[in-house]
Amino acid sequence: MMLISGCLLGINCKYNGGNNLKPELLELLKKGRVIPICPEQLGGAPTPRVPCEIMGGNGFDVLKGKAKVINKVGEDLTSVFLKGAEEVLKIALDANISQAILKERSPSCGVLEIYDGNFSGNTINGIGVTAAILRQNGIKISSEEN
Ligand code: SF4
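We now turn to the structure provided with this report.

How each quantity is defined
Residues numbered from 1 in each chain as written. Predicted model: local features only at pLDDT ≥ 70, side-chain atom pairs only at ≥ 80, totals over all residues. Heavy atoms only, no water. Helix = DSSP H or I, 4+ residues; strand = E, 2+ residues; numbered from the N terminus. Buried < 20%, exposed > 50% of the residue type's maximum accessible area, 1.4 Å probe, protein only. Contact = heavy atoms within 4.5 Å. Areas by Shrake-Rupley, 256 points an atom, 1.4 Å probe, with all protein chains shown as cover. Lys, Arg positive; Asp, Glu negative; His and termini not counted. Charge placed at Lys NZ, Arg CZ, Asp CG, Glu CD. Pairing = 2+ DSSP bridges. Axes fitted to C-alpha atoms, helices over the stretch in contact; angles between N-to-C directions. Near = heavy atom within 4 Å. 1 Å grid on protein atoms, 1.4 Å probe; cavity = no way out; pocket = protein on both sides within 12 Å on 5 of 7 lines; lining within 4 Å. Sits in = over half its atoms within 2 Å of the grid points. Nonpolar A, V, L, I, M, F, W, Y, C, P; charged D, E, K, R; others polar. Salt bridge = Lys/Arg side-chain N within 4 Å of Asp/Glu carboxyl O.

1. Remarks on the overall build of the chain
Here is step 1: A tally of helices and strands in the chain yields five helices and eight strands.
Here is step 2: The order of α-helices and β-strands along the chain, N terminus first, is β-α-β-α-β-α-β-α-β-β-β-α-β.
Here is step 3: For the chain, the spread of C-alpha atoms along the principal axes amounts to about 40 × 30 × 25 Å.
Here is step 4: Within the span of the chain, comprising 146 residues, buried residues form 47% of the whole.
Here is step 5: For the chain, restricting intrachain contacts to residue pairs at least 6 apart in sequence, the fraction spanning at least 24 positions comes to 60%.
Here is step 6: By element, 50% of the accessible surface of the chain is carried by carbon and sulfur atoms, the whole surface being about 7,000 Å².
Here is step 7: The average position of the 16 basic charges and that of the 15 acidic charges among the side chains of the chain differ by 4 Å.

Right, dumping it as structure tokens:
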């Protein structure tokens, strides 16, 4: 059993109300080997929602209280992203999950890259908040791109 970002499974949980379906991952869901998660929805954010980026660091920095998650209109959503990450971790621990496949470049789910915090479309090396909490707890994470 593994966790997979819900948007990769065709669930319309993306900020714009759409998804990022990867048909090969949907096959795993059909075989009953997957728990879909969307940390931003689990944290209480609505869908659709204003897009967010991590400002001043990466997901590990957000967990340490050293960086924030800000949306495009300047609101601080850090507490929503932290709650979502904790909810996903709880699912992982309760279900004894050791692996997750997460959507690259998301401020929650990004594994190797995130956006730079300026809403410029530029990416930097970095990890999202949920990806960071999972890695911190020994869960193997990869993205849909690797
Ligand atoms: S938080 Fe993760 S699962 Fe939810 S829409 Fe964003 S990338 Fe997909």
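Still more to cover.
2. Considerations on the environment of Lys 90
Here is step 1: Along the chain, Lys 90 turns up in helix H4 (residues 78–94).
Here is step 2: For Lys 90, a relative accessible area of 48% translates into the label partly exposed.

3. Notes on the sheet that holds strand S8 (residues 140–143)
Here is step 1: A sheet is described by the order of its strands in space; here four strands give the open sequence S2-S1-S5-S8, paired in parallel fashion. The two strands at the open ends of the sheet, each matched to only one other strand, are strand S2 (34–37) and S8. Ignoring strand direction, the axes of neighbouring strands in this sheet form an average angle of 25 degrees.
Here is step 2: Where strand S1 (residues 2–5) and strand S5 (residues 99–102) come together, two bridges link them in parallel fashion. Each residue of the ladder has a partner; that of Ile 4, found in S5, is Ile 101.

4. Brief notes about the site of the ligand
Here is step 1: Neighbouring the ligand are 14 residues; Cys 7, Cys 13, Cys 38, Glu 40 and Cys 109 lie closest to it.
Here is step 2: Spatially, the ligand is embedded in the largest pocket.
Here is step 3: Of the residues contributing to the shell around the ligand, the split by class is six nonpolar, four polar and four charged.

5. Looking at the pattern of salt bridges
Here is step 1: Within the structure shown, the criterion is met by eight salt bridges.
Here is step 2: Arg 105 is paired through a salt bridge with Glu 113; the nearest N and O atoms lie 3.2 Å apart.
Here is step 3: The shortest N-O distance in the salt bridge between Arg 105 and Glu 145 comes to 2.5 Å. You can see Arg 105 sitting in the loop between S5 and strand S6 (113–115) and its partner Glu 145 sitting in the segment after S8, a full 40 residues away along the chain.
Here is step 4: One connected set of salt bridges, linked through shared partners, spans Arg 105, Glu 113 and Glu 145.

6. Let's talk about the side chain of Asn 71
Here is step 1: Relative to the elements of secondary structure, Asn 71 occurs in strand S4 (residues 68–71).
Here is step 2: Classification of Asn 71 as buried rests on a relative accessible area of 4%.
Here is step 3: With sequence-adjacent residues up to four places away left out, Asn 71 is seen in contact with Val 50, Pro 51, Cys 52, Leu 77 and Phe 119.

Keep in mind that these numbers describe shape and distance, not what the molecule does.
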